[in-house]
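What the coordinates show
The chain contents come next:
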Amino acid sequence: MKNSFRAPAAVTLLAGFPVLVLALVAAIVVVEVFAFRNRLSHGLEFAVFAAPATYVLLRALLTFDRAGEAPGLLVTAETQPELRALVRELAETVGTAPPDEVRIMNRVNAAVHERTRWFGLRVTERTLFIGAPLFAGLGVAELRAVLGHEFAHYSSSDTRFAGATYRGRVAILRVLSGLDGASWFSRLLRPLFQVYGWVYFAVSGRVSRDQELAADVAAARVAGTAAATAALREIEALDAVWRVSTRQYLVMGWNAGYLPDRPAEGYRLLLTDETRAQEPARPRQNPPEASPLDNHPRTDERIRVLEAAGVNPMPEVEDRPASELLRDAEEILDAAWFAELSDEGRAKQRTGWETLADVSSRHEFGELAAQVLRGRSVGDLLDALDAGRPADVVDPDLPIPAEADQRTRRELVSESARIRLSFVALSQAAGAGGARWTISWSEVTALRLTPRYSGTLFPAIDAAVAGDTAALRALLSEPGRVPSA
């Protein structure tokens, strides 16, 4: 099938999707009426299936047009006039309606979401979402390219059916999500809609990839080819750093009951840390491969197409960070991150990065120490080591290969005892004011020991594992007293 026929075929399939739902509902109703006319008991028996199945189908149909809760922080023309003016300018330049709302969200992405009727064919409200990390890591020209790309999906300048085909993919995925329930009715009906969706995606897949490339060209027209290609590379890099930020930093104090009070500051410091430079550099130079099921072409393919399309000069815009488009940028980006927290997250205390690093590590080491002690005192643990029983400290689930010789077994036991005793010793030292953790943008946290413990604590732990606990006892206790857990 030639690509010129794929888009109208996809729109036809899109229109057929609600027809399929209504046809199934009508069939169930006809069978139910026939069953009741044949015998009341048969009608009641079939109703046990018909009622929930009809509910699932109609829910899927309603899901088709349902817009979920809008995430992120709403910014208005009054609060952020420069950003809203830029958004309006880009939408008009690309040839589409400007969004009714602009929201800043806490992910490395930009997207336009539409609230629609008639199964995606009539738009009632449009919302632009811009990821907070984009403001932190892109320049104004690159952000123009990103937003121009998103608006181009809804423009009629590149292909007559682009907007409808793009909306169709979003809508069908939403329906399949609505059928992803635990009931057996959902499980029974989902395969039928999956097959329909598979056909739709197979027909529209090439259209979608061509739309992405066309949207890139539109982005180059409004921002320049250099800015458009730079944005494609930079987003990969920003995403790599964002994953580190969210997985290692932003939630480091979650179990201790804390969150950072300045998340945007942390992300910015991660981006500028010299020791972290390789993390964004790798995807920037070698963009990751796209999944075979991805509707986006590979990033390097998109860059090649852009460069082959001819160089568009960069518009005369001031070369400055995108964050300067915002009033009180860091406070706005912080608020955008907090806006999407769960109720549990909102209940957490907020504190500075230095305090967060210390309280989170203290909590972690305290829990690890409790697992080692298992209700015993530190003195009991050290007595076991003095008595030559390192097994009392070792991880009870320590995997020791059956073929390991006696020396290897001793080394494995000693290493496990050393690690687990370190948990206890550091937790005790922190409680006595001898150890604290500071934030490190190159290695998450860094341990800081006072002069009393620095250079002596870890040798004392090694000696204790070998059976001589005197030095460790002296460090962890006042004379004549061993602290309990």
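So, a few notes on the structure that sits alongside this text. Position numbers for residues count from 1 along each chain, tracking the sequence in the order it is written. Only residues with pLDDT of 70 or above have their local features reported here, since the model is predicted, and side-chain atom pairs are shown and tallied only from 80 upward, although totals for entire chains, interfaces and linings are computed over all residues. With hydrogens and water stripped out, all remaining heavy atoms of the structure feed into the side-chain values.

Details of the overall build of the protein chain
Counting from the N terminus, the helices are the DSSP runs of H or I reaching at least four residues and the strands are the DSSP runs of E reaching at least two. Scanning the protein chain from N- to C-terminus turns up 18 helices and 8 strands. Relative accessibility under 20% of the residue-type maximum defines a buried residue, over 50% an exposed one, and the middle range a partly exposed one, all with a 1.4 Å probe and only protein chains included. The burial tally for the protein chain puts 45% of its 485 residues in the buried class. In what follows, a contact means two residues having at least one pair of non-hydrogen atoms within 4.5 Å. Pairs at least 24 apart in sequence give 76% of the contacts found in the protein chain among residues at least 6 apart. Using the Shrake-Rupley algorithm and a 1.4 Å probe, accessible areas are obtained, with residue cover drawn only from the displayed protein chains. For the protein chain, the accessible surface area stands at approximately 24,200 Å², while carbon and sulfur atoms represent 54% of it.

Considering the pattern of salt bridges
Within this document, salt bridges are pairs made up of a side-chain nitrogen of Lys or Arg and a carboxyl oxygen of Asp or Glu, the two lying within 4 Å of each other. Summed over the entire model, instances satisfying the criterion amount to 19 salt bridges. For Glu 82, the salt bridge goes to Arg 320, with nearest N and O atoms at 2.2 Å. Residue Glu 82 is located in helix 3 (residues 81–94), and its partner Arg 320 is located in the loop between helix 11 (299–308) and helix 12 (329–339); the two are separated by 238 residues in the primary sequence. Given a relative accessible area of 17%, Arg 320 falls into the buried group. Notably, a salt bridge pairs Asp 383 with Arg 473, separated by 2.6 Å at the nearest N-O pair. In this pair, Asp 383 is assigned in helix 15 (residues 378–386) and Arg 473 in helix 18 (residues 470–476), connecting sequence segments 90 residues apart. Beyond isolated ion pairs, a larger network of salt bridges with shared partners links Arg 262, Arg 268, Glu 330 and Asp 334.

Some remarks on empty space enclosed by the protein
Both site types are read off a 1 Å grid over the protein atoms alone. A 1.4 Å probe that fits but cannot get out defines a cavity, while an open set with protein on both sides within 12 Å along at least five of seven lines defines a pocket; lining residues have an atom within 4 Å of a point. Grid points are joined across faces, edges and corners, and a volume is the space filled by probe spheres set on the points. Taken as a whole and assessed by the stated rule, the structure comprises 2 cavities of 30 Å³ or more. Around the largest cavity, the lining residues are Asn 106, Ala 132, Pro 133, Ala 136, Trp 242, Pro 263, Ala 264, Tyr 267, Leu 333 and Trp 337. Put simply, the parts of the chain that give the lining of the largest cavity at least two residues each are helix 4 (132–137), helix 9 (263–272) and helix 12. Under the scheme applied here, ten amino acids are nonpolar (Ala, Val, Leu, Ile, Met, Phe, Trp, Tyr, Cys and Pro), four are charged (Asp, Glu, Lys and Arg), and all others, including Gly, are polar. Of the residues assigned to the lining of the largest cavity, the class counts are 9 nonpolar, 1 polar and no charged.

Digging into the nonpolar core
Definition used in this section: a nonpolar core is a set of buried Ala, Val, Leu, Ile, Met, Phe, Trp, Tyr and Cys residues joined via side-chain atoms within 4.5 Å. Counting 66 residues, the largest nonpolar core has Ile 104, Ile 130, Leu 134, Phe 135, Leu 147, Phe 151 and Tyr 249 as the members making the most contacts within it. Among the elements that take part in this core, helix 8 (residues 225–249) stands out by supplying 9 residues, more than any other.

Quick notes on the packing of aromatic side chains
Any pair of Phe, Tyr and Trp rings, taking the six-membered ring for Trp, is counted once the centres come within 6.5 Å. Such a pair is stacked with planes under 30 degrees apart, edge-to-face with planes over 60 apart, and tilted for the rest. The tally for this structure, following the rule as stated, stands at 7 aromatic pairs. Ring plane angle 70° and centroid distance 6.4 Å describe the contact between Tyr 249 and Trp 353, whose orientation is recorded as edge-to-face. With Tyr 249 in helix 8 and Trp 353 in helix 14 (residues 353–373), the pair connects residues that are 104 residues apart, well separated along the chain. A relative accessible area of 1% means that Tyr 249 is categorised as buried.

Some details on the environment of Ala 223
Among the structural elements, Ala 223 can be located in helix 7 (residues 184–223). On the basis of relative accessibility, which here comes to 1%, the residue Ala 223 falls in the buried class. The sequence separation of Ala 223 and His 149 amounts to 74 residues, and the corresponding C-alpha distance is 9.9 Å. Discounting chain neighbours no more than four positions away, the residues touching Ala 223 are Ala 141, Arg 144, Ala 145, Met 314 and Pro 315.

Section: the layout of surface pockets
When its volume is computed, the second largest pocket comes out at roughly 290 Å³. In terms of lining, the second largest pocket is formed by 17 residues, of which the most central are Met 252, Gly 253, Ser 360, Ser 361 and Glu 364. At the level of elements, helix 8, helix 14 and strand 8 (444–449) are the ones that each hand at least two residues to the lining of the second largest pocket. Here the element with the most residues in the lining of the second largest pocket is helix 14; it accounts for 6 residues. By residue class, the composition of the lining of the second largest pocket is 7 nonpolar, 7 polar and 3 charged.

Things to note about the environment of Val 393
Here Val 393 is to be found in the loop between helix 15 and helix 16 (406–431). For Val 393, a relative accessible area of 0% translates into the label buried. On a C-alpha basis, the gap between Val 393 and Leu 382 in space is 9.1 Å, while along the polypeptide they are 11 residues apart. When residues no more than four places from it in sequence are discounted, the contact partners of Val 393 are Val 372, Leu 381, Leu 385, Ala 417, Arg 420 and Leu 421.

Remarks on helix 9
By the burial criterion, the buried members of helix 9 are Pro 263, Ala 264, Gly 266, Tyr 267 and Leu 270. Considered in projection along helix 9, the buried side chains sweep an arc of 160° and stay on one side of the axis. The secondary structure elements touched by the buried residues of helix 9 are helix 4, helix 8, strand 5 (258–260), helix 12 and helix 14. This arc is built from the directions going out from the helix axis to the C-beta atoms.

Looking at the packing of helix 14 against helix 16
Where helix 14 contacts helix 16, the axes come no closer than 8 Å and their chain directions differ by 130°. The angle between the axes of helix 14 and helix 16 places the two elements in the oblique class. Crossing angle aside, the handedness with which helix 14 passes helix 16 is left-handed. Here Arg 362, Phe 365, Gly 366, Leu 368, Ala 369, Gln 371, Val 372 and Leu 373 of helix 14 lie close against helix 16, whose contacting residues are Arg 420, Phe 423, Val 424, Leu 426, Ser 427, Ala 430 and Gly 431. Whenever a helix is involved, its axis is fitted only over the stretch in contact; in every case the axis is a line through C-alpha atoms, and angles between N-to-C directions fall within 0 to 180 degrees. Any angle between 65 and 115 degrees counts as roughly perpendicular, while under 35 counts as roughly parallel, over 145 as roughly antiparallel, and the rest as oblique. What makes a crossing left-handed is the near helix being turned counterclockwise from the far one by less than a right angle; a clockwise turn instead makes it right-handed.

Re helix 3
To estimate how far a helix should reach, multiply one less than its number of residues by 1.5 Å. If you check helix 3, its first and last C-alpha atoms are 20 Å apart, about what 14 residues at 1.5 Å a residue would give, namely 20 Å. Within the sequence span of helix 3, burial applies to Leu 83, Arg 84, Leu 86, Val 87, Leu 90, Ala 91 and Val 94. The buried side chains of helix 3 occupy one side of the element, clustering within an arc of 160° when seen end-on. Every exposed residue of helix 3 that faces more than 90 degrees away from the buried side is listed here: Glu 92 and Thr 93.

Let's talk about the environment of Ala 218
Mapped onto the secondary structure, Ala 218 falls in helix 7. For the pair Ala 218 and Gly 148, spaced 70 residues apart in the sequence, the C-alpha separation amounts to 6.5 Å.

Concerning the pairing of strand 8
For a regular strand, the rule is simple: side chains alternate between the two faces of the sheet. The pairing criterion is simple: DSSP has to find at least two bridges between the two strands. Inspection of the sheet shows strand 7 (residues 435–440) paired to strand 8 by 6 bridges, in the antiparallel sense. Along strand 8, the bridge assignment pairs Ala 435 with Leu 449.

Observations concerning a nonpolar patch on the surface
Here, patches come from residues exposed beyond 30% relative accessible area and free of salt bridges, joined within 9 Å for like charges and within 5 Å for nonpolar side chains (Val, Leu, Ile, Met, Phe, Trp, Tyr). Taken together, Phe 36, Leu 40 and Leu 44 make up a surface patch of nonpolar side chains, about 300 Å² in accessible area. Along the chain, the position of Leu 40 falls in helix 2 (residues 40–65). Residue classification places Leu 40 among the exposed positions, given a relative accessible area of 55%.

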